[in-house]
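So the chains spell out like this:
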Amino acid sequence: MTAAAPALLALEDGTVFPGTAFGADGESFGEAVFNTGMAGYQEVLTDPSYAGQIVTMTSPQQGNYGVNDEDRESWHVQVAGFAVREASRRASSWRAEATLADALHDAGIVGIEGIDTRALTVRLRTAGAMRAGVSTVDLDPASLVARVRAADGMEGADLARTVSATAPYEASDLVAAPNPALGPVFRVAAYDFGMKRSILRRLAACGIATTVFPAETPAREIAAGGYEGVFLSNGPGDPAATAYGIAATRELLGKVPIFGICLGSQLLGLALGGRTYKMPYGHRGVNQPVRDLATGKVEITSHNHGFAVDPASWARDADGLALTDYGRVSLSHWNLNGGTLGGMRCLGVPAFAVQYHPEAAPGPHDARYLFDDFRAQMGGG
C-alpha cells in the first residue's frame with residue numbers, strides 16, 4: 001500500500017498541525033471552525049453555509065458509512081478543507097456510493113487526517129475561530145503560516161452570492177412534490193443565500209411549492225410574482241455584507257409572510273434595524289439547546305453559524321419586546337449554551353426566523369413544527 005502524503009494545517013496564530021493527506025492534493029485557505037456532530041459529515045461537506053471554511057470534526061472517526069447522492073445538501077462539496085482524526089478507509093453501508101476520501105478527491109478538496117483534533121478544537125474554543133490553511137504542497141510551517149496571515153478573513157465577506165443559484169428553479173425539480181393532503185398548496189419564493197435541499201424537502205412535506213431565486217433577485221420581482229410567502233435561506237459569510245439580502249427583506253416586510261433560517265434570521269434582524277456580530281467560535285453541531293420562551297420548552301437543535309444578531313440592538317418595552325420600525329418583535333428563542341439570540345417573531349407584520357436549522361440535516365427533529373407555523377401564517381394564522 002502506498003504511504004499517504006504528508007500535509008499541514010496551519011492557523012494564523014502560528015500553531016501548525018502535521019498530518020497526512022486524504023482527498024485531493026493541493027491547498028486551500030479559509031476560516032478554521034469545528035463541528036461537534038457525531039454523524040452527518042456528508043451534509044456538513046455539502047452545506048453551502050460552510051463555504052470558505054476549513055471544518056474540523058470533533059468526533060474522531062469520519063467516513064464510516066460513506067457518501068451517496070441522495071444525502072447531498074447541494075450540488076457539490078462546499079467546504080474549503082476538511083480535518084479529521086481518522087478517515088475510514090471503508091464505507092460500511094448499503095447506501096454508500098463512494099468513500100469520504102473519494103468524495104473529497106473528486107471535488108478537488110484537500111483533507112487532512114492524523115492530527116490531534118482535540119487540541120485543534122480546544123485551540124479554536126479558547127482563541128476563537130481564525131484564518132487557516134491546509135496544504136499538501138507547502139510543507140514549510142513558517143511559509144504556510146505567513147500565507148495564512150495574508151488571506152482574507154470572514155468579517156466583511158459577502159459569500160452568499162458565490163454559492164447561490166444563478167437562475168430561478170422549481171424545488172420540485174430536486175425534491176418530492178408538495179404534500180397535497182394538507183389542503184391548499186401555498187406558493188413560496190425562496191431566496192437562495194446557500195439553500196440546503198433538506199429545507200426544500202421540509203417545505204414540500206408541509207404542502208408548500210417553492211420557487212428558488214438567486215440571492216440578488218430584486219424584491220420587486222418577488223412581489224410581482226404573487227407568492228403567498230417568502231423564505232430566507234441559510235448561507236455563508238458576514239450577514240452585514242449581504243446588503244442585497246437586507247434590502248430585499250426590508251422591502252418585503254409587511255407585504256407577505258416571511259420565514260428565515262440561520263443567515264435568513266440574521267438578515268431579518270438587520271432589516272428590522274438590528275446589528276450582527278461575529279461570535280468567538282460560533283455554534284456548529286447537532287446538540288444545541290434552545291429555549292422557546294412562548295412554551296418554556298427546550299429544543300435540541302442543529303446549528304451552523306459564526307455570526308449572531310445582537311439582542312441589544314433595540315430598545316425594549318415593559319414586556320421585553322423589541323421596538324422596531326416594523327412594530328414590536330418578540331425575541332422568542334434563546335440558545336442556552338452561549339446565551340445568544342436564537343429566534344425572533346414580529347408582532348406587527350407576519351415574519352419570524354430562527355438562528356438554527358429546524359430541517360435538521362443532520363440533527364434532531366424537535367423544531368420541525370416551525371415549517372407548520374410558516375404554513376399557518378400564510379393561511380392567516
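Look up: the structure comes first, before these words.
Residues numbered from 1 in each chain as written. Predicted model: local features only at pLDDT ≥ 70, side-chain atom pairs only at ≥ 80, totals over all residues. Heavy atoms only, no water.

The next subject is the packing of helix α8 (residues 243-252) against helix α9 (residues 263-271). Between α8 and α9, the shortest axis-to-axis distance is 8 Å and the interhelical angle comes to 65 degrees. Looking at the two axes, α8 sits roughly perpendicular to α9. Judged by the twist between their axes, the crossing of α8 over α9 is right-handed. Here Gly 245, Ile 246, Thr 249 and Arg 250 of α8 come into contact with α9, specifically with Leu 267, Leu 268, Leu 270 and Ala 271. The residue inventory of the contact of α8 with α9, partitioned by class, reads five nonpolar, two polar and one charged. (Axes fitted to C-alpha atoms, helices over the stretch in contact; angles between N-to-C directions. Helix = DSSP H or I, 4+ residues; strand = E, 2+ residues; numbered from the N terminus. Parallel < 35°, antiparallel > 145°, perpendicular 65-115°, else oblique. Left-handed = near helix turned anticlockwise from the far one by under 90°. Contact = heavy atoms within 4.5 Å. Nonpolar A, V, L, I, M, F, W, Y, C, P; charged D, E, K, R; others polar.)

Our focus in this paragraph is the side chain of Glu 43. In this structure, Glu 43 sits in helix α1 (residues 41-46). Discounting residues that sit within four places of it in the chain, Glu 43 has contacts with Asp 71, Glu 73, Ala 361 and Pro 362.

Time to look at α9. Here α9 lies mainly inside the structure; nine of its nine residues are buried. Turning to α9, its buried residues number three or more, namely Leu 263, Gly 264, Ser 265, Gln 266, Leu 267, Leu 268, Gly 269, Leu 270 and Ala 271. Of the residues flanking the end of α9, it is Gly 273, one or two places downstream, whose phi is positive at about 95 degrees. (Buried < 20%, exposed > 50% of the residue type's maximum accessible area, 1.4 Å probe, protein only.)

Quick look at the pairing of strand β8 (residues 110-113) now. Within a regular beta strand, the side chains point alternately toward one face of the sheet and then the other, so they alternate between its two faces. Burial along β8 is two-sided: Val 110 and Ile 112 and Gly 111 and Glu 113, pointing in opposite directions, are all buried. Pairing of strand β2 (residues 16-23) with β8, which is carried by four bridges, proceeds in the antiparallel orientation. Residue Thr 20 lies in a different strand from β8, and its bridge partner there is Glu 113. Bridge analysis of strand β6 (residues 81-83) against β8 gives two bridges, and the strand direction is parallel. The partner of Ala 83 across the bridge, within β8, is Ile 112. (Pairing = 2+ DSSP bridges.)

Where strand β15 (residues 276-292) lies against strand β16 (residues 298-309), ten bridges are found, and the strand directions are antiparallel. Paired with Gln 288 across the two strands is Thr 301, which belongs to β16. Where β15 hands over to β16, the hairpin turn is made up of five residues, of which Gly 296 adopts a positive phi near 80 degrees. Summarising the sheet, β15 and strand β18 (residues 327-335) pair through three bridges and their orientation is antiparallel. By the bridge assignment, Arg 291 is partnered in β18 with Trp 334.

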